Amino acid sequence: MDRKVVIVDYGMGNLHSLFRVFTRLQIQAIISCDPKEISEASHVVLPGVGHFDYAMNKFNESGMVESVTDLVMSKSVPVLGICVGMQMLATYSEEGKLPGLNWINADVKKIDSSLLTQTTRLPQMGWNDILVDNNNPLFHNLKEAPRYYFLHSYYFNCKNNDDTIATSIYGNKFTCAVNHKNIYGVQFHPEKSHHFGIQLLKNFANL
């Protein structure tokens, strides 16, 4: 199969920013809400911003859940969840009542604001260093200490520590990137993170 990144358009996320990064990298990418187009993807990006339940509702109502799930769970196509798109990979979130996709054994918890010393506590908004915990291909060729742009009040709580591939600190250490088989997720926004984000998206497309 030729490389074809499909950015899933269910009405959430920085779709065009992601598309521009892949175009800059000369990687074929499309934004799509068509299950047939999605079924032809070699890589899938699941973006997301905002409230967990709102994002899950939009995705559930989009008519694309079945085709995306088949690609990811049956055909082992690599998927990258971004921000709320990452949180949707979990079983559930404290932010809402709807179940998540349950593709990774995890839940989503609110950051404990009592641990924060910043004047502006939540959401975490801005750049933060990350610590890559293992030699995962998502972080190949990052020669500097990587920094990414975050905007969130909730974090991904893995039940299996082996699924955590990077952490960051905001009040306390938290998981900011995950990988389980062909499923990847990042809490930060690579499409807003300059050369660090460009390299990460290139690495994802090369999986």
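Going along each chain's sequence as written, the residues are numbered from 1 onward. Given that the model is predicted, a residue must reach a pLDDT of at least 70 before its local features are reported, and side-chain atom pairs must reach 80 or more before they are shown or counted; all residues, however, enter totals for whole chains, interfaces and linings. Computation of side-chain values covers all heavy atoms of the structure but excludes hydrogens and water.

**Observations regarding the pairing of strand S3 (residues 43-46)**
Piece 1. On S3, burial covers both faces: His43 and Val45 on one face and Val44 and Leu46 on the other are all buried.
Piece 2. Of the pairings in the sheet, the one linking strand S1 (residues 5-8) to S3 comprises three bridges and is parallel in character. Opposite Val5, over in S3, you have His43 as the bridge partner.
Piece 3. For two strands to be treated as a pair, DSSP must find at least two bridges joining them. Helix and strand assignments come from DSSP, with helices taken as H or I runs of at least 4 residues and strands as E runs of at least 2, each series counted from the N terminus. Here three bridges tie S3 to strand S4 (residues 79-82), and the two strands are oriented parallel to one another. Directly across from Val44, in S4, lies its bridge partner Val79. Residue exposure (1.4 Å probe, protein chains only): buried if accessible area is under 20% of the type maximum, exposed if over 50%, otherwise partly exposed.

**Re the pattern of salt bridges**
Piece 1. One side-chain nitrogen of Lys or Arg within 4 Å of one carboxyl oxygen of Asp or Glu is enough to make a salt bridge. The final tally for this structure, using the stated rule, is six salt bridges.
Piece 2. The salt bridge partner of Lys75 is Asp70, with a shortest N-O separation of 3.5 Å.
Piece 3. Of the charged contacts in the structure, one is a salt bridge between Glu94 and Lys109, with a shortest N-O distance of 3.6 Å. Residue Glu94 is found in the loop between strand S5 (92-93) and strand S6 (106-110), and its partner Lys109 is found in strand S6; the two are separated by 15 residues along the sequence.
Piece 4. Overall, Glu94 belongs to the partly exposed group, its relative accessible area being 46%.
Piece 5. Counted as one network, the salt bridges with shared partners bring together Lys4, Lys36 and Glu40.

**Focus on the side chain of His43**
Piece 1. Considering the arrangement of structural elements, one finds His43 in strand S3.
Piece 2. Under this definition, polar contacts are N or O atom pairs within 3.5 Å; protein pairs additionally need one hydrogen-donor-capable and one acceptor-capable atom, and for neighbouring residues in sequence, both atoms have to be side-chain atoms. In this structure the side chain of His43 is engaged in a polar contact, spanning 3.1 Å, whose partner is the backbone oxygen of Leu207.
Piece 3. Whether two residues touch is decided by their heavy atoms; if any such pair falls within 4.5 Å, the residues are in contact. In contact with His43, other than residues within four places in its own chain, are Arg3, Lys4, Val5, Val6, Val77, Pro78, Phe204, Ala205, Asn206 and Leu207.

**Comments concerning helix H4 (residues 65-74)**
Piece 1. Those residues of H4 not exposed but buried are Ser67, Val68, Leu71 and Val72. Projected down its long axis, H4 carries its buried residues within an arc of 120°, all on one side. Opposite the buried face of H4, by more than 90 degrees, sit the exposed residues Glu66 and Ser74.
Piece 2. Packing partners of the buried residues in H4 comprise S1, helix H2 (35-39), S3, helix H3 (52-61), S4 and strand S13 (183-186). It is the directions from the helix axis to the C-beta atoms that the arc portrays.

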